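# Commentary on secondary and tertiary structure
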Number of protein chains: 2
Amino acid sequence: MMASWSEKMLQLLLRMNNFHLPGSSLETCLRFEVAGEHVGWVTPGVACILARFPNVFCARGGAVALAADLDSCEKRSEAVGAALQELREHGCLTCLRGWRSEKYAVMARYCDSPLMHMERAATSVFGVKRYGVHINGYSRDGDGNLSMWIARRSNTKQTYPGKLDNLAAGGLAAGCSIKHTLVKECQEEACIPESLAEKARPVGTISYTYEDEEGVFPECQFVFDLELPTNFRPQIGDGEVQAFYFYPINKVKELLVCEEFKPNCAMVVLDFLIRHSVIEPDSEPYYQEFVAGLHRPL
Amino acid sequence: MMASWSEKMLQLLLRMNNFHLPGSSLETCLRFEVAGEHVGWVTPGVACILARFPNVFCARGGAVALAADLDSCEKRSEAVGAALQELREHGCLTCLRGWRSEKYAVMARYCDSPLMHMERAATSVFGVKRYGVHINGYSRDGDGNLSMWIARRSNTKQTYPGKLDNLAAGGLAAGCSIKHTLVKECQEEACIPESLAEKARPVGTISYTYEDEEGVFPECQFVFDLELPTNFRPQIGDGEVQAFYFYPINKVKELLVCEEFKPNCAMVVLDFLIRHSVIEPDSEPYYQEFVAGLHRPL
């Protein structure tokens, strides 16, 4: 029997939270600790590789911690960065092939001061939480009907090439504010002028944790809704997007479960569908499971 | 030093999720199982009391289950109901003093068929999840400024007398749809005509679990926003409310942390503040902690 839309969407949410499922590597993972704070998860295999750098990493009591003399953000970032460069040159960790020279901040909670900075491509090795910004671009016609702008990622993107995406999105690099990142991504990816991008409204977050052969991905996306004038058309900017589509919301809803969407972008749209009453709790059997699946912080 | 608004709100969320905190009775609780499904939590003290009814309840392997011959929704509801009536008459469980003759459905997930029905006042004894509907009533003036209708609960209400509440709210009794419950509560509590109440828009859920001396309360509230004409005034209906106030949204925000609010209603308003961009992630340090605290299903 064909799975229903609801069942397919539930499967997508389970897949994007597979680190929480029985049998995931969570059971065998070691905590990654910096300055006594639990900031990530390391698999035993990775812990083995990191043991080659006893001046940087030390395993103790179910955790991998940084050496005690690395007592500042700068020292930690530098020492870990050097170890990662060496691992990258030896080709030990496949995810480091995706090195981007983009630094992410490492902290236990978003509101905390960064304990260190880490190359974006390495965060999954340490199961460090990554933050990003996603923008739902939508318009409403005279009858109130919703349509949404959907991007198709370039075929040359490192991750999820050719998949459908939100109007604009990007990771939060160390030291950048959420609003700044939003305006920058809107400009770069979709040629949306700053004056328009600034009208985007923050509406919450989604949080989830998945794992694959490249590591553990605990992610939190700050979600924004940007209502666009009906005559506005995004333009291809820096080449991260190959096309923009403007679809009625029910067409977007169908596309979410067709394997065409980058999965976390599908989650951002699902959150939009719930907040904008496109999905209703009396008719959607998994309504509560959907909300729960969009909010599973580690 | 005085705690900030953000810190007080975080404390409220922690208190409303105290069943998840270290030292809660979660560590010693037994699972409450019906037909092999895990539907609640029972403290060892309650398990002891239930052991007086061996024809109804049987403890086994860290769980309290119903007797195997109770093999239908009707049989289970009847047998458990009779045991509860006996306990009520003997005054063994304080929460049963609040008996309301209102039946709640018991199931592992909201989308499942009910496994049994249970008196509302008894659900906390079994740590069974309760569902409800809460309505944010708000208006927007010509400049787009938000104001919200807040109810003050009657001083004779069984729970949280005299506290501030949402415009209307109510528990989901067995067999009632969410929309039906919403329309009914709007009419009964605030004299909102059906034609207006039906305009309420579903916008998600909040989920949390707290415990107190009366038991364990895992709750999920279906949240609705109802935009009201600026000239609309709710009226006192069935006497569950003693007054309605119409406050600018920033005044409502301040009130949330003043111990005046019924705590789960404060959570519903917090969710509103986030979805309507009254709180922004670059300026609210606990933004992500707030979202997480509003979504902690068991």
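Every residue gets a number counted from 1 within its own chain, in the order that chain's sequence is written. Think of it this way: whatever chain is written first is A, whatever ligand is written first is 1, and the rest follow in order. Given that the model is predicted, a residue must reach a pLDDT of at least 70 before its local features are reported, and side-chain atom pairs must reach 80 or more before they are shown or counted; all residues, however, enter totals for whole chains, interfaces and linings. With hydrogens and water stripped out, all remaining heavy atoms of the structure feed into the side-chain values.

The name recorded for chain A in an unreviewed UniProt entry is Nudix hydrolase domain-containing protein, from Electrophorus electricus.

Turning next to the environment of A:His134. Residues and elements named next belong to chain A. Secondary structure elements follow DSSP: runs of H or I of four or more residues count as helices, runs of E of two or more count as strands, with numbering from the N terminus. Note on placement: histidine 134 falls in strand S7 (residues 130–140). In this structure, the C-alpha to C-alpha distance between histidine 134 and proline 202, residues 68 residues apart in sequence, is 9.8 Å. Residues contacting histidine 134, with those up to four places away along its chain left out, are Asn166, Ala168, Ala169, Gln221, Phe222, Val223, Phe224, Asn264, Cys265 and Val268. The contact criterion used throughout is that any non-hydrogen atoms of two residues lie within 4.5 Å.

Turning our eyes to something else, we now look at the sheet that holds strand S2 (residues 37–42) of chain A. All names here are of chain A. Strands are labelled as partners when DSSP assigns at least two bridges between them. With respect to topology, four strands assemble into an open sheet ordered S2-S1-S4-S3, the strand pairing being mixed. Strand pairing shows two members of the sheet lacking a second neighbour, S2 and strand S3 (57–60), which therefore form its edges. The sheet shows a mean angle of 30° between the axes of neighbouring strands, direction not considered. Axis geometry follows a simple rule: fit a line to the C-alpha atoms, using only the stretch in contact for helices, then measure angles between N-to-C directions, giving values from 0 to 180 degrees.

Here we come to the relation of the copies chain B and chain A. Only residues with pLDDT of at least 70 in both copies contribute their C-alpha atoms to the least-squares superposition of the copies. Expressed as a screw operation, the relation of chain B to chain A combines 0.0 Å of axial shift with a rotation of 180°, fitting to an RMSD of 0.0 Å. In the structure described here, the two chain copies are related by an operation that fits a two-fold rotation axis. Scanning chain B for the C-alpha nearest the rotation axis identifies B:His295, at a separation of 3.1 Å. Interface overlap between copies is the fraction of interface residues in one copy that are interface residues in the other; for chain B against chain A it reaches 100%, indicating a shared surface.

What follows covers empty space enclosed by the protein. Points on a 1 Å grid over protein atoms alone make up a cavity when a 1.4 Å probe fits among them but cannot get out, and a pocket when they form an open set with protein on both sides within 12 Å along at least five of seven lines; lining residues each have an atom within 4 Å of a point. Grid points are joined across faces, edges and corners, and a volume is the space filled by probe spheres set on the points. Per the stated rule, a full pass over the model turns up two cavities of 30 Å³ or more. What the largest cavity holds in volume is close to 180 Å³. Only strand S11 (201–212) and helix H7 (263–275) of chain A together with strand S11 (201–212) and helix H8 (263–275) of chain B provide two or more residues apiece to the lining of the largest cavity. Lining the second largest cavity are B:Ser77, B:Gly81, B:Leu84, B:Trp99, B:Lys103, B:His117, B:Met118 and B:Glu119. Those elements that provide at least two residues to the lining of the second largest cavity are helix H3 (73–90) and strand S6 (116–119) of chain B. Under the scheme applied, nonpolar residues are Ala, Val, Leu, Ile, Met, Phe, Trp, Tyr, Cys and Pro; charged residues are Asp, Glu, Lys and Arg; polar residues are all the others, including Gly. Looking at side-chain class alone, the lining of the second largest cavity contains three nonpolar, three polar and two charged residues.

This part covers the pairing of strand S1 (residues 30–34) of chain A. Residue and element names in this part refer to chain A. When a residue's accessible area, from a 1.4 Å probe over protein chains only, is under 20% of the maximum for its type it is buried; when over 50% it is exposed; and in between it is partly exposed. By the criterion of burial, S1 is predominantly enclosed, with four of the five residues buried. For S1 and S2, the ladder comprises five bridges, and the chain directions are antiparallel. If you follow leucine 30 over to S2, its bridge partner there is valine 42. Between the antiparallel neighbours S1 and S2 lie two residues, among them alanine 35 with a positive phi of about 50°.

Residues and elements named next belong to chain B. Residue count minus one, scaled by 1.5 Å, sets the expected span of a helix. End to end, helix H5 (residues 178–190) covers 17 Å across 13 residues, agreeing with the expected 18 Å (1.5 Å per residue, within 8%). The set of residues buried in H5 consists of Ile178, Thr181, Leu182, Val183, Glu185, Cys186, Glu189 and Ala190. Pairs of N or O atoms within 3.5 Å make up the polar contacts considered here, provided that, within protein, one atom can donate a hydrogen while the other can accept it, and that residues adjacent in sequence are counted only when both atoms are side-chain atoms. The N-capping residue of H5, defined by a side-chain oxygen 3.0 Å from the backbone nitrogen of histidine 180, is serine 177. After H5 finishes, the residue cysteine 191 shows a positive phi value of roughly 55°.

Neighbouring strands of a sheet are bound in pairs by backbone hydrogen bonds; such pairs are parallel or else antiparallel. Residues and elements named next belong to chain B. With respect to topology, four strands assemble into an open sheet ordered S2-S1-S4-S3, the strand pairing being mixed. Looking at which strands have only one partner, the edges of the open sheet turn out to be strand S2 (37–42) and strand S3 (57–60). Sheet twist, expressed as the mean angle between neighbouring strand axes with direction ignored, is 30°. Two elements, S3 and strand S4 (residues 63–66), share four bridges in a ladder whose sense is antiparallel. Bridging across to S4, phenylalanine 57 finds its partner in leucine 66.

Another aspect to go through is the packing of helix H1 (residues 5–16) of chain A against H7(A). Residues and elements named next belong to chain A. Running from amino to carboxyl end, H1 crosses H7 at an angle of 125°, the nearest separation of the two axes being 10 Å. Relative to H7, H1 is oriented oblique. The way H1 lies across H7 gives a crossing that is left-handed. Along the contact surface, H1 presents Trp5, Met9, Leu12, Leu13, Arg15 and Met16, while H7 presents Pro263, Asn264, Ala266, Met267, Leu270 and Leu273. Along the lines of polarity and charge, the residues of the contact of H1 with H7 split into 10 nonpolar, one polar and one charged. Between 65 and 115 degrees an angle is taken as roughly perpendicular, under 35 as roughly parallel, over 145 as roughly antiparallel, and anywhere else as oblique. Helix crossings fall into two classes, left-handed where the near helix is turned counterclockwise from the far one by less than a right angle and right-handed where it is turned clockwise.

Turning our attention to the domain arrangement of chain A. All names here are of chain A. Boundary definitions for the domains trace back to an automatic or database domain assignment. Assigned domains of chain A: these are domain 1 (5–19 + 130–293) and domain 2 (25–122). Of note, the centres of domain 1 and domain 2, computed from C-alpha atoms alone, are 29 Å apart. Summed over both partners, the accessible area lost on bringing two parts together, with a 1.4 Å probe, is the buried area. When domain 1 packs against domain 2, close to 1,400 Å² is buried across both sides, 54% of that on carbon and sulfur atoms. Put simply, a salt bridge is a Lys or Arg side-chain nitrogen that is within 4 Å of an Asp or Glu carboxyl oxygen. Our count for the contact surface shared by domain 1 and domain 2 stands at zero salt bridges. Here domain 1 is connected to domain 2 by six residue pairs in polar contact (both at pLDDT 80 or more). Here the side of domain 1 that touches domain 2 is composed, by residue class, of eight nonpolar, three polar and three charged.

Within the chain, A:Tyr160 stands out as a residue other than glycine whose phi angle is a positive 50°. Within the fold, A:Tyr160 resides in the loop between strand S8 (146–153) and strand S9 (164–165). When its relative accessible area of 30% is taken as the criterion, A:Tyr160 is described as partly exposed. One non-glycine residue with positive phi stands out, namely B:Ser101, at about 50°. Of note, B:Ser101 is situated in the loop between H3 and strand S5 (103–106). Since its relative accessible area comes to 63%, B:Ser101 is described here as exposed.

Further remarks concern the pairing of S7(A). Consecutive side chains of a regular strand alternate in pointing toward one face of the sheet and then the other. Residue and element names in this part refer to chain A. Summarising burial for S7: 10 of the 11 residues are buried, a large majority. Where S7 and strand S12 (residues 215–227) come together, nine bridges link them in parallel fashion. Following the sheet pairing, glycine 132 is matched in S12 by glutamine 221. Across four bridges, S7 lies against strand S10 (residues 168–171) in antiparallel orientation. The partner of glycine 132 across the bridge, within S10, is glycine 171. Hairpin connection between S7 and S8: a loop of five residues separates the two successive antiparallel strands, and glycine 144 in this loop has a positive phi of roughly 85°.

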